[in-house]
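Now for the letters of each chain:
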Amino acid sequence: MVGFGLILIGLILVLYVINIFSRIKKKKLAVPADFQSLLEENVRYYQLLSPSDKSRFETMVQRFLKRTSIEGVGTTVEPLDRVLVAASAIIPIFGFKDWEYFNLTNVILYPDTFNENYQYEGNKRQILGMVGSGPLNGQMILSRSALREGFSNKTDKSNTAIHEFVHLLDKTDGVIDGFPSKLIEHSYSIPWMKLVHKTIQQITDGHTDINPYGALNEGEFFAVISEYFFERPDLLAEKHPELYQMLTKIFRQDPSREYFSQRHRD
């Protein structure tokens, strides 16, 4: 009987060690070996950075991938998908030192659009991305096709994954309301909300090139205008300078400067 007990304890220890090594291996595999080349080939924001900023961006991408689970439902998660999810997460927080998404544990990729019941087959599938709440708190669901489209189309003003990560930033004070109180200095809070409401009215009246989805509410406006800010900073700075300047203060970065600097180098 004692011998059987020792065998059982030994088996448990072996399984425990195997589990530890499998978790370590999984963490290593979370960061693709060629992640730097994937960034260089697919992420324009990264391409425009200086060498020192590229190095910092890469470090942040690695840290995010090691701490965040990315899983596929009905689709295979490829190295490019991992890199694009991480890039989407880092772009909005690149101006902050040591920022972590404490309100995110898992990113789930669906093959395409899904509905409010999280089904990716059948009718009424219009959702491209979603930040979970309630039982799904700490989860993010993204359409894999929308994720890739956000980076492959370099002339539009949209990026679904960045949109959802901006929602997460907005949610750090407990609610998605377009007023990320932890990011906005007190002196800018009233001017920001006045600008938000004025621009939402312009969208409603059809007098702007901003995505009409931004007029749904203040939370969606913040995410939509942030997509514009990171995808086409040159155009936003030209067409909406007041909004652009306010967003440089919120995100603590000036992407149009990198954009025009790169054009000058080219």
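All of these numbers come straight from a predicted model, not from anything done at the bench.

Our focus in this paragraph is helix α9 (residues 218–231). Relative to the 20 Å expected for 14 residues at 1.5 Å per residue, α9 spans 20 Å between its end C-alpha atoms, a close match to the ideal helical length. Counting buried residues in α9 gives 13 out of 14 residues, a clear majority hidden from the surface. Its side-chain oxygen 3.1 Å from the backbone nitrogen of G219, N217 forms the N-cap of α9.

Mapped onto the elements of the fold, H240 is located in the loop between α10 (233–239) and α11 (241–251). With residues up to four places along the chain from it excluded, the contact list for H240 reads T208, D209, I210, Y228 and L235.

As a further point, take the environment of I250. Structurally, the position occupied by I250 is in helix α11. Accessibility expressed as a relative area gives 2% for I250, which makes it buried. In the structure, I250 is positioned 66 residues away from I184 in sequence and 5.5 Å away in space, judged by C-alpha atoms. Apart from the residues lying within four places of it in its own chain, the contact partners of I250 are F96, P180, L183, I184, W192 and F222.

Counted at 1.5 Å a residue, the expected span for helix α5 (residues 79–93) with its 15 residues is 21 Å, and the 22 Å between its end C-alpha atoms agrees. Counting buried positions over the 15 residues of α5 gives 13, a clear majority of the element.

Right, let's talk about the packing of aromatic side chains for a bit. Tallying each qualifying case throughout the model produces 17 aromatic pairs. Taken together, a centroid distance of 5.8 Å and an interplanar angle of 55 degrees make the contact between Y46 and F57 tilted. A residue pair is termed long-range when its members are at least 10 positions apart, and Y46 in helix α3 (residues 44–47) and F57 in helix α4 (residues 51–67) qualify at 11 residues. Just as Y46 is buried, F57 falls in that class too. On the numbers, 5.9 Å between centres and 75 degrees between planes, the contact of F64 with F165 is edge-to-face. Of this pair, F64 sits in helix α4 while F165 sits in helix α7 (residues 160–170), placing them 101 residues apart in sequence.

To continue, consider the packing of α4 against α5. In contact at an axis separation of 9 Å, α4 and α5 are set at 115 degrees when each is read in the N-to-C sense. Between α4 and α5 lies a crossing whose hand is right-handed. Every residue of α5 that contacts α4 at F57, M60, V61, F64 and L65 is listed here: R82, V85, A86, A87, A89, I90, I91 and I93. Split into classes, the residues belonging to the contact of α4 with α5 amount to 12 nonpolar, no polar and one charged.

With that out of the way, let us pick up the pairing of strand β1 (residues 69–72). Looking at chain direction, β1 and strand β2 (residues 106–110) are connected through four bridges and run parallel. Across the sheet, the residue bridging to E71 is I108, located in β2.

Another aspect to go through is the confidence of the model for the chain. Confidence in the prediction of the chain, expressed as mean pLDDT, is 85, and 83% of residues score 70 or more. The element-level mean pLDDT for the chain is lowest in helix α1 (residues 2–30), coming to 42, with α5 highest at 98. Across residues 4–28 the pLDDT falls below 50, and counting only partners more than four positions away or on other chains, this stretch makes one contact in the model.

Conventions used here
Residues numbered from 1 in each chain as written. Predicted model: local features only at pLDDT ≥ 70, side-chain atom pairs only at ≥ 80, totals over all residues. Heavy atoms only, no water. Helix = DSSP H or I, 4+ residues; strand = E, 2+ residues; numbered from the N terminus. Expected span 1.5 Å × (residues − 1). Buried < 20%, exposed > 50% of the residue type's maximum accessible area, 1.4 Å probe, protein only. Polar contact = N/O pair within 3.5 Å; in protein donor to acceptor, adjacent residues only side chain to side chain. Contact = heavy atoms within 4.5 Å. Phe/Tyr/Trp six-rings, centres within 6.5 Å; stacked < 30°, edge-to-face > 60°. Axes fitted to C-alpha atoms, helices over the stretch in contact; angles between N-to-C directions. Left-handed = near helix turned anticlockwise from the far one by under 90°. Nonpolar A, V, L, I, M, F, W, Y, C, P; charged D, E, K, R; others polar. Pairing = 2+ DSSP bridges. pLDDT = per-residue confidence, 0-100.

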